[in-house]
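If you want the building blocks of each chain, they are given just below.
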Amino acid sequence: MDNVRLNTDGTIDQIRKGDQAALLSRLARQVELAPGYTLRSFFRMLDVYETLVHLNAFFPDLLDQFHRGPEDGCRVGGIDWLVLEKTVEMVGFPGEPRLDIYRRFTGWCGGKSVQIKDFQVDLLLDTEVRLGKLKHVIFGDQVDVFEFDTVFTLFELVEGIGWELGFHGTPRECRILSNQKR
């Protein structure tokens, strides 16, 4: 399988800006991140390849936050990097078992997962993004979670990060109103 390399400037190797056919034909290909790839790189990619913005309903608002954010220095203490992971979980035992497959996008610090949902997107822009492992959970047993090397497709990366970030952060307007009531 040919890899799709994502660069820090937002470009994707061998795909010109505006070449929707080339972009769409590579959504199912394995993604490779250039060294130093950050969340800012991800949003630059959405700017370069506008077609990707249509993959997730949260992208217009997230891009607005990105454009209004500072141009550098956007890191949060206590988060070393951001990681996209896959989880395959067997659930529904006893009864009708099923297999749920989902992605998580979290922060990492000191070898431990850190929730990023309370942070505004513009505070995380200069944090490195990494591709994580696949976690296999059997019937809710969080003690014996198996981890495996895995690959991510371009679609999984774009949709996974977009979905998670759509639920992260409290709008500044709500925070301001909340602080005024105290």
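Description of the environment of Leu134
Reasoning step 1: Structurally, the position occupied by Leu134 is in strand E6 (residues 129-138).
Reasoning step 2: Here the alpha-carbon distance between Leu134 and Phe148, two residues 14 residues apart in the chain, equals 5.1 Å.

Re the sheet that holds strand E7 (residues 146-148)
Reasoning step 1: Strands sit in the order E5-E4-E3-E6-E7 across an open sheet of five strands; the sheet is mixed. Looking at strand neighbours, the two that pair on one side only are strand E5 (112-114) and E7, the edges of this open sheet. Neighbour-to-neighbour, the strand axes of this sheet turn through a mean angle of 45°, independent of strand direction.
Reasoning step 2: Relative to E5, strand E4 (residues 98-109) runs antiparallel, the two sharing three bridges. Among the inter-strand pairings, Gly107 is bridged to a residue of E5, identified as Val114.
Reasoning step 3: The strands touched by helix H4 (residues 154-165) are strand E3 (81-91), E4 and E6; relative to E4, the strand with the most contacts, the crossing angle is about 70°.

Considering the nonpolar core
Reasoning step 1: Residues Leu6, Leu39, Phe42, Phe43, Met45 and Leu157 are the most contacted members of the largest nonpolar core, which totals 40 residues.
Reasoning step 2: Mapped by element, the contributors of at least two residues to this core are strand E1 (3-6), helix H1 (20-25), strand E2 (30-33), helix H2 (39-48), helix H3 (59-68), E3 and H4.
Reasoning step 3: The leading source of residues in this core is H2, at six residues.

Focus: the environment of Glu164
Reasoning step 1: Mapped onto the elements of the fold, Glu164 is located in helix H4.
Reasoning step 2: Judged by relative accessible area, Glu164 falls into the buried class, the value being 18%.
Reasoning step 3: For the pair Glu164 and Leu84, spaced 80 residues apart in sequence, the C-alpha separation works out to 9.7 Å.
Reasoning step 4: Setting aside residues no more than four positions away along its own chain, Glu164 makes contact with Arg103, Arg104 and Phe105.

Let's talk about H3
In an α-helix, one full turn covers 3.6 residues, which means residues spaced three or four apart are oriented alike.
Reasoning step 1: Every buried residue of H3 is listed here: Phe59, Leu62, Leu63, Gln65 and Phe66. Angular distribution of buried residues about the axis of H3 spans 155°; they occupy a single face of the element. The outward face of H3, more than 90 degrees from its buried face, is lined by the exposed residues Asp61 and Arg68.
Reasoning step 2: Buried residues along H3 sit against H2 and H4.

Some thoughts on unusual backbone geometry
For residues that are not glycine, phi is negative in most cases, and the peptide bond is trans in most cases.
Reasoning step 1: In this structure, Gln14 is a non-glycine residue whose phi angle is positive, near 65°.
Reasoning step 2: For Gln14, the location among the structural elements is in the loop between E1 and H1.

Conventions we followed
- Residues numbered from 1 in each chain as written.
- Predicted model: local features only at pLDDT ≥ 70, side-chain atom pairs only at ≥ 80, totals over all residues.
- Heavy atoms only, no water.
- Helix = DSSP H or I, 4+ residues; strand = E, 2+ residues; numbered from the N terminus.
- Pairing = 2+ DSSP bridges.
- Axes fitted to C-alpha atoms, helices over the stretch in contact; angles between N-to-C directions.
- Contact = heavy atoms within 4.5 Å.
- Core = buried A, V, L, I, M, F, W, Y, C linked by side-chain atoms within 4.5 Å.
- Buried < 20%, exposed > 50% of the residue type's maximum accessible area, 1.4 Å probe, protein only.
- Arc of directions from axis to C-beta.

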